[in-house]
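Listed below are the residues making up each chain.
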Amino acid sequence: MGSEPRKYNVAIAGATGAVGSAMLEVLRRKNFPIDELRLLASERSVGKKIVYDGREYSVQLLSKDSFKGIDIALFSAGASRSLEFAPAAAAAGAVVIDNSSAFRMDPEVPLVVPEVNPHAIAQYTKRGIIANPNCSTIQMLVALKPIYDKVGIKRLVISTYQAVSGTGAKAIEELKNQVLAYAAGKPMEHKVYPHQIAFNCLPQIDSFLDNGYTKEEMKMVNETRKIFEDDTIGITATAVRVPVYYGHSEAVNIETKVKISAAEVKELLSNAPGVLLVDEPTLGRYPLATECEGQFETLVGRIREDESIANGINMWVVSDNILKGAALNAVQIAEYFIAHHK
């Protein structure tokens, strides 16, 4: 008889948030081999009960002493807490997989989408930390990887249509309240966003930088180049918040280095890991935010040639921003890590 497969001690920092809860759900759906599970959060959540795999757990205080004996620490507690506590987790011997922006552009921290650059995980030994990219970057690169490998990419023009869940629970509540207020003929109040989000589109995600772009837009530019290990790609992005609860949508215009037809792109993506091709427009079948919720795959469709340039492709990319855009990608990194490095 063979020996029992190894199990791992796992901590989740930010366990009570939307992404932390999704991490637990992904671990359960994937039957991740957990021995000890440690759920960590801020003071206001300490003592809260969470049921995982039929067992009840009490949320503990996130501190620098929380990680003794932990093998894998999944962080989704925000950048400031990651900066404060992730190095302590790594020093205690855990490999940290961080969902915040804290370490993404650190040259000593690998930035990983497992379908795109799993080889980069090996660099975790420098700091003991692996970074999860921004949600909008992850789904785009899952769709672009097969094209990049086949014909190269010269330039990307991206427009995003991002759900309010990307901002958090308070943003979801704000949209709900505005819709109810509108239906009741009452004034719509806004606190989370600078303007009303219901029945509106806000061409601002995060703060503006000196170059006129927002931080969100420049994340897509800089993270794409880091993950592809290619600073030659021209990239420009416009990131827009839309009144959708879950699911980010993106219009991606690709100028390839070598001509590729729409049919060839569809063939590539029909076999690509993590991609679900949904592209029968005459039947009304194309990726929808309402259909991506709860799905592990990134949905891609509306694939067509850009007739304004010689080597152009357009596509529409949709994904559950809480799953592939955050929790699922982190757990996939953990799976690859234990399969190849632990």
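Below you will find a few notes about this structure. Source: prediction; values computed, not measured.

### Section: the side chain of N99
Tracing the chain through its elements places N99 in the loop between β7 (95–98) and β8 (129–131). By relative accessible area, N99 is classed as buried at 12%. Of the polar contacts made by the side chain of N99, one reaches the side chain of N132; its length is 2.8 Å. Once residues within four sequence positions are removed from consideration, N99 is found in contact with V19, M23, F75, S76, R104, N132, G325 and A326.

### Observations concerning the side chain of E216
Along the polypeptide, E216 turns up in helix α5 (residues 215–228). Judged by its relative accessible area of 5%, E216 is buried. Ignoring sequence-local partners within four residues, the contact set of E216 consists of N134, S136, Q162, I205, D206 and A239.

### Focus on the packing of aromatic side chains
Inspection of every chain in the model, using the stated rule, returns five aromatic pairs. Between Y182 and F199 the ring centres are 4.6 Å apart and the planes differ by 50 degrees, which places this aromatic pair in the tilted class. With a gap of 17 residues between them, Y182 in helix α4 (residues 169–183) and F199 in the loop between α4 and α5 connect regions that are remote in the sequence. An identical accessibility class is assigned to Y182 and F199; each is exposed. Stacked on the ring of F296, the Lys or Arg R29 has its end atom at 3.9 Å from the ring centre. Taking the ring centre of Y245 as reference, the NZ or CZ of K176 above it sits at 6.0 Å.

### A look at the sheet that holds strand β13 (residues 298–305)
An order of β10-β9-β11-β14-β13-β12 is seen for the six strands of this open sheet, with the pairing classed as mixed. Across the chains shown, the open sheet's two edge strands, defined by having one partner strand only, are β10 (234–241) and β12 (275–277). Neighbour-to-neighbour, the strand axes of the sheet open up by a mean angle of 20 degrees, direction not taken into account. Looking at chain direction, strand β9 (residues 153–162) and β10 are connected through eight bridges and run parallel. Paired with S159 across the two strands is T238, which belongs to β10.

### Some words on the sheet that holds strand β1 (residues 8–13)
Sheet strands line up and pair through hydrogen bonds in the backbone, either parallel or antiparallel. An order of β5-β2-β1-β6-β7-β8 is seen for the six strands of this open sheet, with the pairing classed as parallel. The open sheet has two free edges, formed respectively by β5 (60–61) and β8, since each of these has just one partner strand. Docked against the sheet, helix α2 (residues 79–91) engages β6 (72–75), β7 and β8, running at close to 175 degrees with respect to β6.

### Considerations on α5
Over its 14 residues, α5 extends 20 Å from the first C-alpha to the last, a length consistent with the 20 Å expected when each residue adds 1.5 Å. Counting buried residues in α5 gives ten out of 14 residues, a clear majority hidden from the surface. Turning to α5, its buried residues are E216, E217, M218, K219, M220, V221, E223, T224, I227 and F228. Downstream of α5 by one or two residues, E229 has phi in the positive range, about 55 degrees.

Criteria and thresholds
- Residues numbered from 1 in each chain as written.
- Predicted model: local features only at pLDDT ≥ 70, side-chain atom pairs only at ≥ 80, totals over all residues.
- Heavy atoms only, no water.
- Helix = DSSP H or I, 4+ residues; strand = E, 2+ residues; numbered from the N terminus.
- Buried < 20%, exposed > 50% of the residue type's maximum accessible area, 1.4 Å probe, protein only.
- Polar contact = N/O pair within 3.5 Å; in protein donor to acceptor, adjacent residues only side chain to side chain.
- Contact = heavy atoms within 4.5 Å.
- Phe/Tyr/Trp six-rings, centres within 6.5 Å; stacked < 30°, edge-to-face > 60°.
- Lys NZ or Arg CZ within 6 Å of the ring centre and 35° of its normal.
- Pairing = 2+ DSSP bridges.
- Axes fitted to C-alpha atoms, helices over the stretch in contact; angles between N-to-C directions.
- Expected span 1.5 Å × (residues − 1).

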